[in-house]
Amino acid sequence: MIAHHFTIDLEEYFQVSAFESRVARSEWERFEPRVPQQVARLLELLARHETRATVFVLGWVAARQAELIRSIARAGHEIASHGWDHVRVTQQTPLQFRDSIRRTKDVLEEISGAPVLGFRAPSFSIVPGREWALDILIEEGYRYDSSLFPVRRTGYGYPNGRPHPHWLERPAGRLAEIPPTTLDWCGLHLPAAGGAYFRLLPYGVVRAALRQCERRGVPGTFYIHPWELDPAQPRLDVSWLTRLRHYGGLGRMAQRVERLLTEFRFTAVRDTVTALADAPATGATRRPVGSVVGE
C-alpha cells in the first residue's frame, strides 16, 4: 500500500501571501499567536491515525515558538524549512534567498536536534526563471524540494514540471523534487494537493488524485496549514476573492482531514526521499519518476 506524504505548512493566519497588502511584516508581533492550539489539534489527529508528517516551518515562527517545534519533533514528525518570513522567491534576490534558507535551517536544526533535509517555498514560488533557487538549496545542504507545483495558475506554478517525485539534475548537484499532487484530467494537471483546493472543491477531487497516484505506484503529496483548522480566527478586511480563498470551508476542514487520514496511509517526505536515495540503481520500487535536467 502506497504511503502518501502528509505535509503541514506551519505559519500563522496573518502571514499568508494574500494578506501582504494588509499586514506588514513589521506588524506581525502585535498579533496574538494562534498556531500552537491548531498544531496541537493536528498532532492529536495524526497520533490517532498513527501517521507521521513533514512540517515545513517558518523560521520566524520557530524562533518564537521553540517548544512547539520541539513537541512536533518529539512526536516523530519531520521538521523542514518554509523559509524565514514567508517572502516569495519571486520577491528575493539569490543572496536574500540564501540567507533565508540558511538562517531557517540553522534555527530549526538547533531546536529540533535533527538535520533539516527539505524545503517548500512560500506560495510555491519557485517558478520558471527562478530555478537558481534549486541550486542554492543544494549548496546549502538541502536534499529535497517541494515547491514545483505542476499547474498553470496566476501567482505560482511550474506548468511543465513533472507531477510525481523525481530527481532534478542541477549544475550544483542532485535534488529530489516532491511536487504537490495534481489530478490528471483530459490531459491537464489540475491542482488537488490540499489547502483551498481541499476546502472549496468536492472531497472526491483530492481522493481521486491520490487514487491515481496509487495506481501508478507513486506517493502523492497533500498539504494543509494549521489556520485551516481555525474557523474562529480573526477576519481581516480583504477582497471578496481573498475572503473566499482564505476563509471558505474552514468549518468543514477538520472533518475532511479526519476522513482523509482514515482512507489513506501517509508518512513523512523524509522517509520516501531516504529510501529512494538508498535504493539500488535497478530493481528498486517507488523510485523517482524520470528526471529534469538543467532549466
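Residues numbered from 1 in each chain as written. Predicted model: local features only at pLDDT ≥ 70, side-chain atom pairs only at ≥ 80, totals over all residues. Heavy atoms only, no water.

**Here we look at the overall build of the chain**
So, step 1. Secondary structure summary: the chain contains 10 helices and 12 strands in total.
So, step 2. Taken over C-alpha atoms, the radius of gyration comes to 18 Å for the chain, in line with the 19 Å a tight globule of 295 residues would show.
So, step 3. Along the longest, intermediate and shortest principal axes, the C-alpha atoms of the chain span 55 × 40 × 40 Å.
So, step 4. Per-residue burial for the chain yields a buried fraction of 54% across its 295 residues. (Helix = DSSP H or I, 4+ residues; strand = E, 2+ residues; numbered from the N terminus. Rg over C-alpha atoms; globule rule 2.2 N^0.38 Å. Buried < 20%, exposed > 50% of the residue type's maximum accessible area, 1.4 Å probe, protein only.)

**A word on unusual backbone geometry**
Where the residue is not glycine, phi is negative for most of them; where a peptide bond is considered, it is trans in most cases.
So, step 1. Of note in the backbone geometry, glutamate 50 takes a positive phi value of approximately 50° without being a glycine.
So, step 2. Among the secondary structure elements, glutamate 50 is positioned in the loop between α1 (35-48) and β2 (54-57).
So, step 3. Within the chain, serine 123 stands out as a residue other than glycine whose phi angle is a positive 55°.
So, step 4. Tracing the sequence through the fold places serine 123 in the loop between β4 (118-119) and α5 (132-139).

**A look at the environment of glutamate 139**
So, step 1. Locating glutamate 139 in the fold gives a position in helix α5.
So, step 2. Spatially, the C-alpha atom of glutamate 139 lies 6.6 Å from that of alanine 172, the residues being 33 residues apart in sequence.

**Describing the packing of aromatic side chains**
So, step 1. Considering all chains together, one arrives at 20 aromatic pairs under this definition.
So, step 2. Between phenylalanine 124 and tyrosine 156, the ring centres sit 5.6 Å apart and the planes meet at 55°, which makes this aromatic pair tilted. Of the two residues, phenylalanine 124 is situated in the loop between β4 and α5 and tyrosine 156 in the loop between β5 (144-145) and β6 (166-170); the sequence distance between them amounts to 32 residues.
So, step 3. You can call phenylalanine 124 buried: its relative accessible area is 5%.
So, step 4. Overall, tyrosine 156 belongs to the buried group, its relative accessible area being 11%.
So, step 5. Measuring from ring centre to ring centre gives 5.0 Å for phenylalanine 198 and phenylalanine 222, while their planes differ by 80°; the resulting arrangement is edge-to-face. Placement of phenylalanine 198 in helix α6 (residues 195-200) and of phenylalanine 222 in strand β10 (residues 221-224) is noted, with a sequence separation of 24 residues between them.
So, step 6. Classification of phenylalanine 222 by relative accessible area gives buried; the value is 1%. (Phe/Tyr/Trp six-rings, centres within 6.5 Å; stacked < 30°, edge-to-face > 60°.)

**Concerning the state of the cysteines**
So, step 1. Evaluated as defined, the whole model comprises 0 disulfides.
So, step 2. With no disulfide of its own, cysteine 186 lies closest to cysteine 213 among cysteine sulfurs, the gap being 18 Å. (Disulfide = S-S within 2.5 Å.)

**Digging into the pattern of salt bridges**
So, step 1. Per the counting criterion, the structure on display carries 21 salt bridges.
So, step 2. Measuring nitrogen to oxygen at the nearest pair gives 2.9 Å for the salt bridge that ties aspartate 9 to arginine 120. Of this pair, aspartate 9 sits in strand β1 (residues 4-10) while arginine 120 sits in the loop between β4 and α5, and the two are 111 residues apart along the sequence.
So, step 3. Taking relative accessible area as the criterion, arginine 120 reaches 0% and is therefore assigned buried.
So, step 4. For arginine 170, the salt bridge goes to aspartate 135, with nearest N and O atoms at 2.7 Å. Separated by 35 residues along the polypeptide, arginine 170 in strand β6 and aspartate 135 in helix α5 bring together distant segments of the chain.
So, step 5. Overall, the relative accessible area of 7% leaves arginine 170 in the buried class.
So, step 6. What makes aspartate 135 buried here is its relative accessible area of 11%.
So, step 7. Overlapping salt bridges bring together Arg98, Arg102, Glu139 and Glu140 as one network. (Salt bridge = Lys/Arg side-chain N within 4 Å of Asp/Glu carboxyl O.)

**Some details on the environment of arginine 170**
So, step 1. Linking arginine 170 and valine 61, residues 109 residues apart in sequence, is a C-alpha distance of 31 Å.
So, step 2. Side-chain polar atoms of arginine 170 contact the backbone oxygen of glutamate 131, separated by 3.4 Å. (Polar contact = N/O pair within 3.5 Å; in protein donor to acceptor, adjacent residues only side chain to side chain.)

**Considering helix α9 (residues 250-263)**
So, step 1. The first and last C-alpha atoms of α9 sit 21 Å apart over 14 residues, in line with the 20 Å expected at 1.5 Å per residue.
So, step 2. Three or more residues of α9 are buried, namely Leu250, Met253, Ala254, Arg256, Val257, Leu260 and Leu261. (Expected span 1.5 Å × (residues − 1).)

**A look at the side chain of aspartate 145**
So, step 1. Within the secondary structure, aspartate 145 sits in strand β5.
So, step 2. Nearest to the buried, unbridged aspartate 145 among oppositely charged side chains is arginine 120, at 7.5 Å.
So, step 3. Look past the residues within four positions of aspartate 145 in its chain and what remains in contact with it is Phe119, Ile126, Leu134, Leu137, Leu175, Ala176, Glu177 and Ile178. (Lys, Arg positive; Asp, Glu negative; His and termini not counted. Contact = heavy atoms within 4.5 Å.)

**Here's the deal with the nonpolar core**
So, step 1. If you look at the biggest cluster of nonpolar residues, it comprises 67 residues, and the most contacted ones within it are Phe6, Leu10, Ile69, Ile126, Leu137, Ile224 and Leu260.
So, step 2. Non-local contacts of leucine 260, meaning those with residues more than four positions away in its chain, are made with Phe198, Tyr203, Val206, Leu210, Phe222 and Phe266.
So, step 3. If you look at the next biggest cluster of nonpolar residues, it comprises 10 residues, including Ala80, Ala176, Ile178 and Leu276. (Core = buried A, V, L, I, M, F, W, Y, C linked by side-chain atoms within 4.5 Å.)

So far we have only geometry, and geometry alone does not tell us how the molecule works.
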